[in-house]
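# Geometric and topological summary
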Amino acid sequence: MNLELPETEILDFTKLTGSELYVDENAEKIISGEIGRYGCEGIHFLDNGNYHYVTRLFLHEIKEDIDLIYFDNHSDDRPPAFEGLKSCGSWVLDAEKELENLRSVHWIDGKGELHSRGELSEKRVLYVSVDKDVFRREIAPTNWDQGEMTLEEFEGIITELTGKRKIRGTDICGECVSKDGFFDECELGQNRETDIRLFRFLKSLMERHERDG
């Protein structure tokens, strides 16, 4: 991922074992330690969908009551196949078990349909997570099966759901992956364009909420 924007800073975990798809205790401790230096504020890019579990680690940085909104072609609330390990497909379930201050969870799937557990409240802060596999493949090719959402639909849904409420932090995952060690330049370009649009839109939305609030 290379946004070529001055606001970005890269944390490199490419050599960290026990962190892809499933995260073991040691890898989680190291990643959490780095996240703790920065907090959850801002917009975070998490690489491809195999690392979506990092959202849960950002949520641990929030001490107020939280409403979670996440866009994903998969619910990510299923128990992991290997007992005792946490995964990119179980992070929502794990977060609900671990965080007493996570008051409601709202999943928007690849068809744009909303699935809620609990209700949104103006008294709580928001955290927003976006997996680009929610979008059509021509918008952002990922390493998972994908939904049918457009960027315009995403912008409309998130604007309506958040209203004027404070967004404490956001993250984005779903980058394309290499094939035999090489990245497809077309896929990289599509993802880069989408990353920049998402970054600018979310940044503008967060700043507007902060200003109006």
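Let me sum up the structure you'll find in this document. (Residues numbered from 1 in each chain as written. Predicted model: local features only at pLDDT ≥ 70, side-chain atom pairs only at ≥ 80, totals over all residues. Heavy atoms only, no water.)

## Notes on helix 4 (residues 151-162)
Helix length check: helix 4 (12 residues) gives 16 Å between terminal C-alpha atoms against 16 Å at 1.5 Å per residue, within 8%. Within the span of helix 4, buried status applies to Leu151, Phe154, Glu155, Ile158, Leu161 and Thr162. One side of helix 4 holds all its buried residues, which, seen down the axis, span an arc of 140°. Each element contacted by the buried residues of helix 4 is listed here: strand 3 (66-71), strand 5 (102-108), strand 6 (114-117), strand 7 (125-131), strand 8 (167-173) and helix 5 (185-212). Once helix 4 finishes, Gly163 follows within two positions and takes phi at roughly 60°, a positive value. (Helix = DSSP H or I, 4+ residues; strand = E, 2+ residues; numbered from the N terminus. Expected span 1.5 Å × (residues − 1). Buried < 20%, exposed > 50% of the residue type's maximum accessible area, 1.4 Å probe, protein only. Arc of directions from axis to C-beta. Contact = heavy atoms within 4.5 Å.)

## Thoughts on unusual backbone geometry
Phi is mostly negative for residues that are not glycine, and the peptide bonds are mostly trans. Although it is not a glycine, Asp47 adopts a positive phi angle of roughly 75°. Mapped onto the elements of the fold, Asp47 is located in the loop between strand 2 (43-45) and helix 2 (54-59). When its relative accessible area of 40% is taken as the criterion, Asp47 is described as partly exposed. Phi is positive for Asp76, which is not a glycine, with a value near 55°.

## Observations concerning the sheet that holds strand 5
With mixed pairing, 6 strands are arranged side by side in an open sheet as 2-8-7-3-5-6. Either end of the sheet is taken by a strand with one partner, and the two such strands are strand 2 and strand 6. Pairs of neighbouring strands in the sheet enclose a mean axial angle of 15°, with direction left out of account. When strand 3 meets strand 7, the two strands line up parallel, connected through 6 bridges. Bridging from a neighbouring strand, Tyr70 pairs with Ser129 of strand 7. In this fold helix 3 (residues 91-98) packs onto strand 3, strand 5, strand 6 and strand 7, with an angle of close to 165° to the strand it touches most, strand 5. Across the sheet, helix 4 touches strand 3, strand 5, strand 6, strand 7 and strand 8, and the angle it forms with strand 3 is around 170°. (Pairing = 2+ DSSP bridges. Axes fitted to C-alpha atoms, helices over the stretch in contact; angles between N-to-C directions.)

## With respect to the side chain of Asn50
With respect to the element layout, Asn50 can be found in the loop between strand 2 and helix 2. A polar contact of 3.1 Å, which involves the side chain of Asn50, links it to the side chain of Glu20. Side chain to side chain, Asn50 and Asn143 meet in a polar contact 3.2 Å long. Once residues within four sequence positions are removed from consideration, Asn50 is found in contact with Glu20, Leu21, Cys88, Asn143 and Trp144. (Polar contact = N/O pair within 3.5 Å; in protein donor to acceptor, adjacent residues only side chain to side chain.)

## Remarks on the layout of surface pockets
Put simply, the largest pocket is a space of about 1100 Å³. Lining the largest pocket are 32 residues; nearest its centre among them are Glu9, Ile10, Leu11, Phe45 and Leu46. At the level of secondary structure, the elements contributing two or more residues to the lining of the largest pocket comprise helix 1 (25-38), strand 2, helix 2 and helix 5. In terms of residue count, helix 5 provides more of the lining of the largest pocket than any other element does, 4 residues in total. Tallied by class, the residues present in the lining of the largest pocket amount to 17 nonpolar, 7 polar and 8 charged. (1 Å grid on protein atoms, 1.4 Å probe; cavity = no way out; pocket = protein on both sides within 12 Å on 5 of 7 lines; lining within 4 Å. Points joined across faces, edges and corners; volume = space filled by probe spheres on them. Nonpolar A, V, L, I, M, F, W, Y, C, P; charged D, E, K, R; others polar.)

## What to know about the packing of aromatic side chains
Any pair of aromatic rings gets described here by the distance separating the centres and the angle formed by the planes. The final tally for this structure, using the stated rule, is 7 aromatic pairs. Both rings, one in Tyr70 and one in Trp91, keep their centres 5.3 Å apart while their planes meet at 65°; by these two values the pair is edge-to-face. Placement of Tyr70 in strand 3 and of Trp91 in helix 3 is noted, with a sequence separation of 21 residues between them. Taken individually, Tyr70 and Trp91 each receive the classification buried, so the pair is uniform in this respect. (Phe/Tyr/Trp six-rings, centres within 6.5 Å; stacked < 30°, edge-to-face > 60°.)

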